[in-house]
Structure formats: structure tokens, C-alpha cells
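# Breakdown of the fold
Residues per chain, in single letters:
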Amino acid sequence: MPSVAGIDRTVATIALAVLTFGISFGVLARAAGLDGAQVIAMSAIVFAGSAQFAAVAALDGGASALSAALAGIALNSRYLPLGLVVGRSLGGGAAGRAASAHLVIDESVALATDAEAGVDEARFHLVGVTLLAAWLAGTAVGVLGGGLIGDPADLGLDAAYPALFLALIWPRLRAERGARRAALAGAGLAAAGVVLLPAGLGVVVATAGAAAAWHAGGRPHPAAEPDPAEEAGP
Amino acid sequence: MTGWALIAALGATTYALRAAGPLTAGRLRLPRWIDALLPYVMPAVLAGLVVTATFATDDRLVLDERAVGLAVAVVALVLRAPVLAVVVAAAAATALARALG
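Procedures and definitions
- Residues numbered from 1 in each chain as written.
- Chains lettered and ligands numbered in written order.
- Predicted model: local features only at pLDDT ≥ 70, side-chain atom pairs only at ≥ 80, totals over all residues.
- Contact = placed C-beta atoms within 7 Å.
- Nonpolar A, V, L, I, M, F, W, Y, C, P; charged D, E, K, R; others polar.
- Domains from an automatic or database assignment.
- pLDDT = per-residue confidence, 0-100.
- Helix = DSSP H or I, 4+ residues; strand = E, 2+ residues; numbered from the N terminus.
- Core = buried A, V, L, I, M, F, W, Y, C linked by C-beta atoms within 7 Å.
- Buried ≥ 20, exposed ≤ 12 C-beta atoms within 10 Å, placed from the backbone.
- Axes fitted to C-alpha atoms, helices over the stretch in contact; angles between N-to-C directions.
- Parallel < 35°, antiparallel > 145°, perpendicular 65-115°, else oblique.
- Left-handed = near helix turned anticlockwise from the far one by under 90°.

### Quick notes on the interface of chain B and chain A
- Every contact between the two is made by 64 residues of chain B and, on the other side, 90 residues of chain A.
- Looking at the side of chain B that touches chain A residue by residue, the classes come out as 45 nonpolar, 13 polar and 6 charged.

Below, the structure written as C-alpha cells:
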């Protein structure tokens, strides 16, 4: 497979998936009431697919900005250990590291990290920049298209969120008992939170469901990690 | 205004989470229990969102057309459909249920 500027087939496949989900995000975020500039700024600044979908879904469900942000932050907590994986290997001085940090996403770390060879910094940057470009381009297309849609409820767009979230965790639910326990606990806590807590906090308390995986045996087995090519977004 | 507040809070925190490793050149070490639990935050939070986005209306849990979409999504996932097909099928099922209802 010939590559253009180092973008091989794996990176191109993921970029296409990210572009598609960027379009969906642009459409759904517009439907949730954000204006076009906000949606595009969010993709540029946050650059985290599942967290952006989650925050916008929470906002759409009546949550405050703070509750919606907390839902996204809980999802993005995984960037802390990912940043630690590549942190030692990034060069370019403090300014270069600060810029590179924005490119810490699941795919850039996964594709640049080899158990024996360590972190390939050039590949980390290549994957990160390519997917940031794809995410922004997709978002922009979605924003333009989303402006043309009438009532989002008529198209069932509110049902797109839960379907997407379930699809994102499905491979892990199949493979890991710990993930199944965490998901069940998170679902139960969220249901209780809806009834008992102020609007939007149900999602926030679901974070504590992760503790249910405590006795399921520590870290997920490497073989159970989702294939990056099947992941939906940055 | 809500939108910009959300973007600022989520953007700043996300960047801090990403940059902690690179800016300390990987010297930061997490307590073991945090390291062990972080991989499970995602399934917990997204499963929570599945529940709230499907069943929550204000402070009540209700069964409406969104549940039809979720049921269709589960069937599509069991049949190993790609993610985009799962999402489109769920939205279409909910739209159809609303049009018929």
C-alpha cells in the first residue's frame, strides 16, 4: 500500500471514520442549540469525540453547562494516563510539548506506541494532526448540513446519542467482565440520579460506576482493547 | 452563553489532563487505584448516558419512542453492524415510531 506523506492505509481508514463522526457531531450539536461558531470551536479546542457527544447530549437533556462539562471531563480522564505514556518521549522543549499535548488522543497514542520500540514521535504527530484535520473538516460539513434540518425529533436524532454511546462501549462489553460491571453500575446510578438529583447530574454520578470493576482484575487485558481502526472518533 | 461556558470548562480541563504527562516529561506517577479504575470510567459514563438519553424526561424515567431506537441499536450491534449503521437505524426507528404514533 503506497502512502502519501506517511499516511498509510490504517491512518486513512481511521481518518475517514473520524470525518464521518465529525459530520454527525456537527449536525447533532446544531440540533442541540449550539451555534455554528461554538460547534467548530468546540471541535478545535476539546478535540474528543465521545466527550463532545456526551456534553452536547447532556445539554440537550437540560443539564447545566457545568454538569455537561463534568460528563465530558469524566470521559476525558483517560487522557491523563495516555499523556503519561507519550510524555517522556516528546521532544521540542516545553513549548513543543505543550503543543503536542493537544494531540493526545486514543488513536495517536495507540498507533505510535510499540511495546518494544517505545513511542514513535513522528507517527504520533502524523496521526494526531491528520485526525484533528478530519475531525474539524467533518464538524464544519455537519454544521453546514445541520442548519438545513427542520425539527431534529422528527428525524429521531435524539435516539442517535444512546445508540452511538452503546456502540462505542459494545466491544468492551463483549470482551471484559470489568467493563460490563462498570456499565451496569453506571446505568443504575444514572437512573437513580435522574429521579433523585437535579437535572444533568445523573450522568455525573455514573462515573462512580467505574468502581464496580474494582474486583474484576485490574487493567483490561491488552487483547481486549478495541481495535483502533474500529473506533469511531478521536 | 451556556455553550461558551461549556466549551471553556471542558476545553481547559481536557487540555490539563492531556498535558500533565508531556509537561512533566512523564515523571508524574498515578496512584495504583486511579490507574486501575480509569479504564472503566468510559463504560460507566457512557452506559449512564445511554440511560439518561433514552429514558429521562426532566426528573422522571419514561418509556417512549427513544426506547424503540435503543432496542433497534441493540439488535444491530448483536448482528455486528458498523457503528454508523447502528446509529442511523436507531434514529430511523425512533422517527418511524413517532410518525406512526
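### Structural notes on the domain arrangement of chain B
- When its domains are assigned, chain B resolves into domain 1 (1-30) and domain 2 (31-100).
- Inter-centroid distance (C-alpha atoms) of domain 1 of chain B to domain 2 of chain B is 27 Å.

### Some remarks on the confidence of the model for chain B
Residues and elements named next belong to chain B.
- Of the residues in chain B, 99% have a pLDDT of 70 or more, and the chain-wide mean is 92.
- Helix 4 (residues 65-78) holds the highest mean pLDDT among the elements of chain B, 97, whereas helix 2 (residues 32-37) holds the lowest, 85.
- Predicted as a complex, the structure gets a pTM of 0.80 and an ipTM equal to 0.90.

### With respect to the nonpolar core
- The biggest cluster of nonpolar side chains holds 119 residues, and the ones touching the most others in it are A:Ala55, A:Ala163, A:Ala167, B:Val45, B:Ala73 and B:Ala90.
- The leading source of residues in this core is helix 1 (residues 9-31) of chain A, at 13 residues.
- When we break this core down by domain, the ones giving at least three residues each are domain 1 (1-30) and domain 2 (31-100) of chain B.
- Beyond its immediate sequence surroundings of up to four residues, B:Ala90 is in contact with A:Ala159, A:Ala160, A:Ala163, B:Gly69, B:Leu70, B:Val72 and B:Ala73.

### Let's talk about the packing of helix 9 (residues 160-175) of chain A against helix 4 of chain B
- Between helix 9 of chain A and helix 4 of chain B, the least distance of the axes is 9 Å, while the angle of their chain directions is 30 degrees. By the angle between their directions, the pair helix 9 of chain A and helix 4 of chain B is classed as roughly parallel. Considering the relative orientation of helix 9 of chain A and helix 4 of chain B, their crossing is right-handed. Across the interface between the two elements, A:Pro162, A:Ala163, A:Leu166, A:Ala167 and A:Trp170 of helix 9 of chain A pack against B:Gly69, B:Leu70, B:Ala73 and B:Leu77 of helix 4 of chain B.

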